Amino acid sequence: KAGVTQTPRYLIKTRGQQVTLSCSPISGHRSVSWYQQTPGQGLQFLFEYFSETQRNKGNFPGRFSGRQFSNSRSEMNVSTLELGDSALYLCASSLIMTSGGQSEQFFGPGTRLTVL
Amino acid sequence: ILNVEQSPQSLHVQEGDSTNFTCSFPSSNFYALHWYRWETAKSPEALFVMTLNGDEKKKGRISATLNTKEGYSYLYIKGSQPEDSATYLCASHSGYALNFGKGTSLLVTP
């Protein structure tokens, strides 16, 4: 069974540009979550999608957005990039993300974004 | 406790030593506690998902306990091996989001 894939793996952008990252979950998984990791910080929750609906959003500015398609693939977009957006962006899929939180998450390899 | 906190931040042990880490989390509005292992250049890998107070789970030489009333979990590694070197993350689930701690970085030297 193929794991979670993320594209691209590495990305270099300049301030003010926008970027779109893609995540393909494990087949059959309907929940996709996105996380940001910056140096010295733990994984910060960005948002979670289930059946094309954003169910929860972390404490990030509106420049960060996302969506999920009918095949459960998800994209996140960051507009007007800032230097502080340089980070590793991870997505994770799970079979179902219920309010009980019992489903383990399967992480992708991440996209390393560098903003110059 | 408002956030998930892990201690120690880093740990260096010799092969064969047993070790343990602590994860503290908000005890109110608790749904589940996750442990992940994150090796360098790899993706985080789930170790345990725990929900019940007093629960104890084991996978090989690694085990974890959970106290939801006081808001802490311990992860134990018995007889550490160099391949156990990784960052160990815990995360508390509340609603639909996992709130991660900053992790404990473990280095096991031969």
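My aim in this report is to walk through the structure given alongside it, one point at a time. (Residues numbered from 1 in each chain as written. Chains lettered and ligands numbered in written order. Predicted model: local features only at pLDDT ≥ 70, side-chain atom pairs only at ≥ 80, totals over all residues. Heavy atoms only, no water.)

Some thoughts on the pairing of strand β9 (residues 87-94) of chain A
All names here are of chain A.
So, step 1. For β9, the tally of buried residues reaches eight of eight residues, placing the bulk of the element in the interior.
So, step 2. Neither face of β9 is exposed, since A87, Y89, C91 and S93 on one face and L88, L90, A92 and S94 on the opposite face are all buried.
So, step 3. With seven bridges joining them, strand β4 (residues 31-37) and β9 adopt antiparallel strand pairing. Bridging across to β9, V32 finds its partner in S93.
So, step 4. Note: β9 against strand β11 (residues 111-115), three bridges, orientation antiparallel. Residue pairing across strands places Y89 opposite T111, the latter belonging to β11.
So, step 5. Relative to strand β10 (residues 106-107), β9 is paired through two bridges, and the arrangement is antiparallel. If you follow A92 over to β10, its bridge partner there is F107. (Buried < 20%, exposed > 50% of the residue type's maximum accessible area, 1.4 Å probe, protein only. Helix = DSSP H or I, 4+ residues; strand = E, 2+ residues; numbered from the N terminus. Pairing = 2+ DSSP bridges.)

A few points about the sheet that holds strand β1 (residues 5-7) of chain A
Residues and elements named next belong to chain A.
So, step 1. Pairing is antiparallel across the open sheet formed by four strands, whose spatial order is β1-β3-β8-β7. Of all strands in the sheet, those bounded by a partner on one side alone are β1 and β7 (64-68). Going across the sheet, the axis of each strand differs from the next one's by a mean of 20°, ignoring polarity. (Axes fitted to C-alpha atoms, helices over the stretch in contact; angles between N-to-C directions.)

Digging into the sheet that holds strand β7 (residues 62-67) of chain B
Residue and element names in this part refer to chain B.
So, step 1. The sheet built from five strands is open, its strands ordered β1-β3-β8-β7-β6 with antiparallel pairing. Where the open sheet ends on each side, the last strands, each with one partner, are β1 (5-7) and β6 (56-59). Recorded for the sheet is a direction-independent mean angle of 15° between the axes of neighbouring strands.
So, step 2. When β1 meets strand β3 (residues 19-24), the two strands line up antiparallel, connected through three bridges. Its bridge partner being in β3, Q6 is matched across the sheet by C23.

Brief notes about the pattern of salt bridges
Note that side chains of opposite charge can pair when their charged atoms are close.
Residues and elements named next belong to chain A.
So, step 1. Under the definition given, this model contains eight salt bridges over all chains.
So, step 2. The salt bridge involving R63 is made with E82; its shortest N-O contact spans 3.6 Å. Of the two residues, R63 sits in the loop between β6 (53-57) and β7 while E82 sits in the loop between β8 (74-78) and β9, which places them 19 residues apart along the sequence.
So, step 3. A residue is classified by how much of its surface remains accessible, and E82, at 43% relative accessible area, is partly exposed.
So, step 4. Here R67 ties to E75 by a salt bridge, and the two come within 3.3 Å at their closest N and O atoms.
So, step 5. What makes E75 buried here is its relative accessible area of 16%. (Salt bridge = Lys/Arg side-chain N within 4 Å of Asp/Glu carboxyl O.)

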